[in-house]
Amino acid sequence: MSLDLVSETPTHTPETPTTARARAPLTPNSLRSIVRELAEQPEQWIHLVRLSTEERWYQRLVTGEDHEVWLISWLPGQSTGFHDHGGSRGAFTVALGELEELSLGGPDQGLLIRRVPAGTARAFGPDYVHDVRNTASGPAVTLHAYSPPLSSMAHYDLRAGGLVRTSEEGPEQW
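The paragraphs below set out a description of the structure included in this document. (Residues numbered from 1 in each chain as written. Predicted model: local features only at pLDDT ≥ 70, side-chain atom pairs only at ≥ 80, totals over all residues. Heavy atoms only, no water.)

**A look at the overall build of the protein chain**
Part 1: Scanning the protein chain from terminus to terminus reveals two helices and 11 strands.
Part 2: Beginning at the N terminus, the succession of helices and strands in the protein chain can be written as α-α-β-β-β-β-β-β-β-β-β-β-β.
Part 3: Burial status across the protein chain gives 39% buried among its 174 residues.
Part 4: Taking the intrachain contacts of the protein chain between residues at least 6 apart in sequence as the baseline, contacts between residues at least 24 apart amount to 70%. (Helix = DSSP H or I, 4+ residues; strand = E, 2+ residues; numbered from the N terminus. Buried < 20%, exposed > 50% of the residue type's maximum accessible area, 1.4 Å probe, protein only. Contact = heavy atoms within 4.5 Å.)

This is the structure we're talking about:
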């Protein structure tokens, strides 16, 4: 996979309803393959990684008609909070370090907590809500792919009755 980096001022061709319908989103397994392959080529992205004590650092690496790829760094204690992906399918892999992922299982499962060490990839469908966090003692770096490209993300609070939607953000916040 050759990495075509997004420029600082990306150009965008407006999408028409006809072209939007013509492209089906990539499957979660296809997105998992994309992030795994890219993680195996650190020379394509390692020089871009930055660490920020203020918040997670992120940069879009690839943008295409049917998917996009993001590079994210995490210092200990940084997390996303519970969020969705605006109806996009997704996958992420931990390239360096280790993260923890929280999600809600079915009524009999409650809160699921998964350790996600380096080399592990997770994939999910369009309705998935999770919280990803760095609970380790060192930094982590991840690669994320979404299809279609993200158009919004809603944030949630975990309460006794389940998840409660609290806000939504769009590309202008990224």
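Anyway, onward from the coordinates.
**Some points on the sheet that holds strand β4 (residues 89-96)**
Part 1: With respect to topology, five strands assemble into an open sheet ordered β1-β2-β9-β4-β7, the strand pairing being antiparallel. Because the sheet does not close on itself, it has two edges, and the strands there are β1 (57-63) and β7 (121-124). Direction aside, neighbouring strands of the sheet carry axes that sit 20° apart on average.
Part 2: Judged from the seven bridges that link them, strand β2 (residues 68-74) and strand β9 (residues 140-147) form a sheet pairing that is antiparallel. Opposite Trp70, over in β9, you have His144 as the bridge partner.
Part 3: Along the sheet, helix α2 (residues 28-39) contacts β1, β2, β4, β7 and β9; its crossing angle with β4, the most-contacted strand, is approximately 25°. (Pairing = 2+ DSSP bridges. Axes fitted to C-alpha atoms, helices over the stretch in contact; angles between N-to-C directions.)

**Overview of the side chain of Ser73**
Part 1: Mapped onto the elements of the fold, Ser73 is located in strand β2.
Part 2: Overall, the relative accessible area of 1% leaves Ser73 in the buried class.
Part 3: Within the structure, Ser73 has its side chain in polar contact with the backbone oxygen of Arg50 (distance 2.5 Å).
Part 4: Apart from residues lying up to four places away in sequence, Ser73 is in contact with Val49, Arg50, Leu51, Arg56, Trp57, Gln78, Ala140 and Val141. (Polar contact = N/O pair within 3.5 Å; in protein donor to acceptor, adjacent residues only side chain to side chain.)

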